[in-house]
Amino acid sequence: MSLELKIKNLETDLHIMGTLVLDSLVSAVRALEDKDTARASEVMDKDDEIDDAYMKIDQDWFELMATEQPVASDLRLSTSILQASLHLERLGDLSVYLGKTTHEIHDLPIPESLHKIVVEMGDMVIEMASTALESLKNRDAELALSTARKDELINNLYNKMLNEVPNISGNKDLYSGLFRLITCVRTLERGGDHAVDICELASFLVTGEFKEF
Amino acid sequence: MNSNSVFSKTKKEKQLKELAFLSILYICVTVAIVTLMTLIYDVISTGYSRLFNDYELGLINKVTIDNPRDFLTSLDSRDPLKAGIGPAFAGTVWLMIIVIFVTFPLGAGAAIYLQEFAPKNKLTRFIELNLTNLAGVPSVIYGLMGLAVFVRLAGFGRSVLSGGLTLTLLILPVVIVASREALKAVPDTIRQGALALGSTKFQAIFRQVVPSAIPGMVTGMVLGLSRAIGETAPLIFMGALTYVNYYPDTPLSGFTAIPIQVYNWIGYPQAEWKDTSSAGIILLLGLLLSMNALALIIRNKFEKDW
Amino acid sequence: MDTKTKTQKELEHVFTVRDVSVSYGDFTAVKNVSMDMFKNNITAFIGPSGCGKSTLIRSFNRMNDLIPNASVKGEINYQGINLYDEEVDPVQVRRRIGMVFQKPNPFPKSIRENITFGLKVNNMTDNLDDRVEKALTQAALWDEVKNDLDKNALDLSGGQQQRLCIARTIAVEPDTILMDEPCSALDPVATKKIEDLMQILVKDFSILIVTHNMQQASRVSDYCAFFTTKATDDGRRTGELVEYSDTKTMFTNPSESLTEEYISGRFG
């Protein structure tokens, strides 16, 4: 198999993994929205698939380095693919966390306003991850930049949530649910960061320079 | 940095030395060429008339001599103006034919054996050493050997066959060495490439190595031949006749050769013989030149850039 | 990237080497080599100069017979037959096991005659033109020379000459091709062409390649054998097999530290 083909396969594997991760994120956020524990369990089981996909990319990259010693654009591409797969794997873990949270809040009373914010944030992470992967696939630097900028919106939602908290501060029954939702939000924020990292990789592939967004 | 002083100091010294050296070389070349040109001019100017002009001889019995035809075809004669080189020419041709037919197979065969098949042991090295030595042995010795072996022992008598075989012995070492060099020049990778395809050693050698070496072998042959036709001493020793007035008709008949004929003519006192001998020399030089030119042509046409 | 679906045990052996040592007179060039080579795979011999890889590969088609004081001890079995058995004809061995040399060595004849020579000495003279075309096509040279078959082979470029040598080798339909540093005299573009060609040829032939270029071995081969020299009692150096494994393992996680050092360029 030629070097070109090997790298092409590596990229294809990345996008297959991307699809798995995006599906998983969508299911996880919808399950959280509907408090659907069955669906949440499905998401958590599927994480093994995502991990296997990651392991394959990791091993194939390793073998590629050892046997082909790629340089220049081949090196940038293959290494970017490896790093992107790591971020995807973390996004996969995020879905699992959302699933766990769904289980936990299933029987707990939670402040609905915050529930909505969390779901909104989840949808935003899905969109960011999706467009980040697209920008990587199409080598679209502008899309990468505009996606990275959306991280600000996540920050805004986070602040919105902080503003809501005092409104329910008196109601002690909601504290457990509140706690879980807040930790969920921190995790989602990190998910947004991973999406931004993928955008940085996309920009790197296009410009050859690594810039922090 | 003053580049002038750094570089110019030694330049002039070197230039002078080079100039002096070149001048010496030029003088050497000039001496050689001038000598050669003088000799050639001398020969051509004396022999030209005898070879290319037509004569009328005799007051009563008019004989017309149309040169060069008559010179080339007439028999020898007491009259310097009538003497022709015919039989000598024929003798030389006979000798050449015999030498070619005997030397080439023997020389090529020996070279192929020594280069490709002989085991590398003391005996082979002994033979190789002696071959080189034989090439330097004075040709007179070959004449004596020819006399003993071909004329007497084999019973061929003083025939053109004996002469040809004697000349063969003379040039065989040279031909073998030249053929060996031609074979050596074929890179070993060719032999290996042929063998790696599943050919036998014989197939590899006779279908790849020898064909590639043929031009070199032929050139060696031609050069050896051009030496042979100029040889006088060995032929005289083994008994070539000096006054011959017939053409040799069989390999066993008596003969003479151009160099011998010329040698003979030079010995006569009359002044006109000088022209006749010069004419003979022109013919011999012409033959030699053609053969060397032929060798050059062959070599240039078939030379391989390995 | 290609996961081999068969394990080593299931792969068919083409060469089985048992305790082989090759010597020139009293000098042992390489000793105690034991390994199995597999059919339709590319096996590479790597190692520093003088470690006997060329000597060893040349004993696989009995080319060492040409060197007067060369001797081979041990067993080299080819598809079950001991190559050095008395009844084995070395000429036949060389037909079944072809060889491509380091410096391209086409015969100084036409392109066509280069290929027909091997066919003629092996009595494969039916459909000569078809056989010539097939060999040149398999060697990825046909399109470049199809209109110039009578041109002198020495007029071709180095890379083309080497492909011609490959063509004439495969024309006589061997099972195995031995390649002794086939690309070391070629430029990178020509080298890549030959490496690509090898990947295609390996479907029909087993290939054994000696290379001093480690990157080439890692790119091209399925199995790798690493040799090195060790000092012997009389002060000379003899070659030895250090490690033999599949290429992926050898270049990602070799078992011997010597292998690791050589591959990472720390010696040799």
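A quick note: this is a predicted structure, and the numbers were derived from the prediction, not measured.

(A) Up close: the overall build of chain B. The helix and strand inventory of chain B stands at 11 helices and 2 strands. Order of helices (α) and strands (β) in chain B, N terminus to C terminus: α-β-β-α-α-α-α-α-α-α-α-α-α. The C-alpha radius of gyration of chain B comes to 25 Å, more than 25% above the 19 Å expected for a compact globule of 306 residues. The 306 residues of chain B split such that 36% are buried. In chain B, once contacts between residues fewer than 6 apart in sequence are set aside, the share between residues at least 24 apart is 71%.

(B) Just the nonpolar core, in detail. In this structure, C:Ala167 and C:Ile207 are the most contacted members of the largest nonpolar core, which totals 139 residues. Here this core gets 15 residues from one element, more than from any other, and that element is helix H6 (residues 160-185) of chain B. Apart from residues lying up to four places away in sequence, C:Ala167 is in contact with C:Ile115, C:Ala135, C:Leu136, C:Gln138, C:Ala139 and C:Leu141.

(C) Representation of the sheet that holds strand S8 (residues 206-210) of chain C within the structure. Residue and element names in this part refer to chain C. Ordered by their spatial adjacency, 10 strands build an open sheet running S5-S4-S1-S2-S10-S9-S3-S8-S7-S6, and the pairing between neighbours is mixed. If you trace the sheet from one side to the other, it starts and ends with strand S5 (81-82) and strand S6 (97-100), each paired once. In terms of strand pairing, strand S2 (residues 27-38) meets strand S10 (residues 237-246) through 2 bridges, oriented parallel. Bridge pairing in S10 places Val30 opposite Gly239.

(D) Layout of the arrangement of the chains. Among the 2 pairs of chains that make contact, the interface with the largest number of contacts is formed by chains B and C. Over all C-alpha pairs, chain A and chain B never come within contact, reaching a minimum spacing of 30 Å.

(E) Structural view of the interface of chain B and chain C. Listed per partner, the contact involves 15 residues of chain B and 20 residues of chain C. At 6 residues, helix H7 (residues 188-196) of chain B tops the list of elements feeding residues into the side of chain B that touches chain C.

(F) Main features of the packing of helix H4 (residues 122-135) of chain B against H6(B). Residue and element names in this part refer to chain B. The contact between H4 and H6 brings their axes to 8 Å, and the two run at 125°. Here H4 lies oblique to H6, going by the angle between them. Pair H4 / H6 crosses with left-handed handedness. Along its contact with H4, which presents Leu131, Thr132, Leu134 and Ala135, the element H6 presents Pro173, Val174, Ile176 and Val177. For the contact of H4 with H6, the class distribution of residues is 7 nonpolar, 1 polar and no charged.

(G) The interface of chain A and chain C, seen in detail. At the interface, 10 residues of chain A touch 9 residues of chain C. Of all the secondary structure elements, the ones that give two or more residues to the side of chain A that touches chain C are helix H1 (3-34) and helix H2 (37-68) of chain A. Per-element accounting of the side of chain A that touches chain C gives the leading share, 6 residues, to H2(A). Across the side of chain A that touches chain C, the residue classes tally to 3 nonpolar, 3 polar and 4 charged.

(H) Quick look at the pairing of S8(C). Residues and elements named next belong to chain C. Burial analysis of S8 places 5 of its 5 residues in the buried class, which makes it a mostly covered element. Burial along S8 is two-sided: Ser206, Leu208 and Val210 facing one way and Ile207 and Ile209 facing the other are all buried. Sheet analysis places strand S3 (residues 42-46) next to S8, joined by 4 bridges and oriented parallel. Looking at S8, one finds that Thr43 is bridged to Leu208. Bridge count between strand S7 (residues 176-180) and S8: 5 bridges; the pairing is parallel. Each residue of the ladder has a partner; that of Leu178, found in S8, is Leu208.

(I) Structural view of the domain arrangement of chain B. Residue and element names in this part refer to chain B. By domain assignment, chain B separates into domain 1 (13-73) and domain 2 (86-302). Computed from C-alpha coordinates alone, the two centres of domain 1 and domain 2 are separated by 27 Å. Tallying the contact residues gives 10 residues for domain 1 and 9 residues for domain 2. Looking at the side of domain 1 that touches domain 2, the elements with two or more residues in it are helix H1 (3-52) and helix H2 (69-73). Examining the composition of the side of domain 1 that touches domain 2, we find that 7 residues originate from one element, H1, more than from any other. Within the side of domain 1 that touches domain 2, the residues separate by chemical class into 5 nonpolar, 4 polar and 1 charged.

(J) Spotlight on unusual backbone geometry. Residue and element names in this part refer to chain C. Of note in this structure, Asn32 is not a glycine but carries a positive phi near 50°. With respect to the helices, strands and loops of the structure, Asn32 is situated in strand S2. Note on Asn32: 15 C-beta atoms within 10 Å, which makes it partly exposed. We note that Asn40 has phi near 50°; this positive angle belongs to a residue other than glycine. With respect to the helices and strands, the residue Asn40 is situated in the loop between S2 and S3. For Asn40, a count of 17 C-beta atoms within 10 Å translates into the label partly exposed.

(K) Highlighting the pairing of S6(C). Residues and elements named next belong to chain C. Here S6 shows a buried face lined by Ile97 and Met99 and a second buried face lined by Gly98 and Val100. Examined bridge by bridge, S6 and S7 share 4 bridges and lie parallel to one another. By the bridge assignment, Met99 is partnered in S7 with Leu178.

(L) Up close: helix H6 (residues 158-171) of chain C. All names here are of chain C. Given a rise of 1.5 Å per residue, 14 residues ought to cover 20 Å, and the 20 Å separating the end C-alpha atoms of H6 matches this to within 8%. Here H6 lies mainly inside the structure; 13 of its 14 residues are buried. Positive phi shows up at Glu173, right after H6, with a value of about 55°.

(M) Spotlight on the packing of helix H3 (residues 72-105) of chain A against helix H7 (residues 175-207) of chain A. Residues and elements named next belong to chain A. Where H3 contacts H7, the two axes come as close as 9 Å, and the packing angle between them is 165°. Taken together, the axes of H3 and H7 are roughly antiparallel relative to one another. Between H3 and H7 the crossing geometry is left-handed. Among the residues making up the contact of H3 with H7, the classes are represented as 12 nonpolar, 8 polar and 5 charged.

(N) Focus on helix H5 (residues 141-149) of chain A. All names here are of chain A. Among the residues of H5, those classed as buried are Ala144, Thr147 and Ala148. Projection of H5 onto a plane perpendicular to its axis shows the buried side chains occupying an angular sector of 100°, all on one side. Looking at the buried residues of H5, the elements they touch are helix H4 (112-138), helix H6 (151-164) and H7.

Conventions we followed
- Every chain's residues receive numbers from 1 upward, in the order its sequence appears when written.
- As they are written, the chains are lettered A onward and the ligands numbered 1 onward, keeping that order.
- In keeping with the predicted nature of the model, local features appear solely for residues at pLDDT of at least 70, side-chain atom pairs appear and are counted solely at 80 or more, and the whole-chain, interface and lining totals rest on all residues.
- Helix numbers and strand numbers start at the N terminus; a helix is a DSSP run of H or I with at least 4 residues, a strand a run of E with at least 2.
- Each radius of gyration reported is based on C-alpha atoms, and the globular scaling rule is 2.2 Å times the count of residues to the power 0.38.
- Three classes are used. A residue is buried when 20 or more other C-beta atoms lie within 10 Å of its own, exposed when 12 or fewer do, and partly exposed in between, with C-beta atoms placed from the backbone.
- Contact between residues is assigned whenever the C-beta positions, reconstructed from backbone atoms, fall within 7 Å.
- As used throughout, a nonpolar core is a set of buried Ala, Val, Leu, Ile, Met, Phe, Trp, Tyr and Cys residues joined through C-beta atoms within 7 Å of each other.
- Pairing between two strands requires that DSSP report at least two bridges joining them.
- For helices, the fitted line uses only the C-alpha atoms of the stretch in contact; every axis is such a line through C-alpha atoms, and the angle between N-to-C directions lies from 0 to 180 degrees.
- Orientation labels follow simple angle bins: below 35 degrees gives roughly parallel, above 145 gives roughly antiparallel, 65 to 115 gives roughly perpendicular, and whatever is left gives oblique.
- A clockwise turn of the near helix away from the far one marks a right-handed crossing, whereas an anticlockwise turn of less than a right angle marks a left-handed crossing.
- Only Asp, Glu, Lys and Arg are considered charged, only Ala, Val, Leu, Ile, Met, Phe, Trp, Tyr, Cys and Pro nonpolar, and every remaining residue, Gly among them, polar.
- Per the annotation, domain bounds derive from an automatic or database assignment of domains.
- One less than the residue count of a helix, multiplied by 1.5 Å, gives the span that helix is expected to have.
- Directions pointing from the helix axis toward each C-beta atom define the arc.

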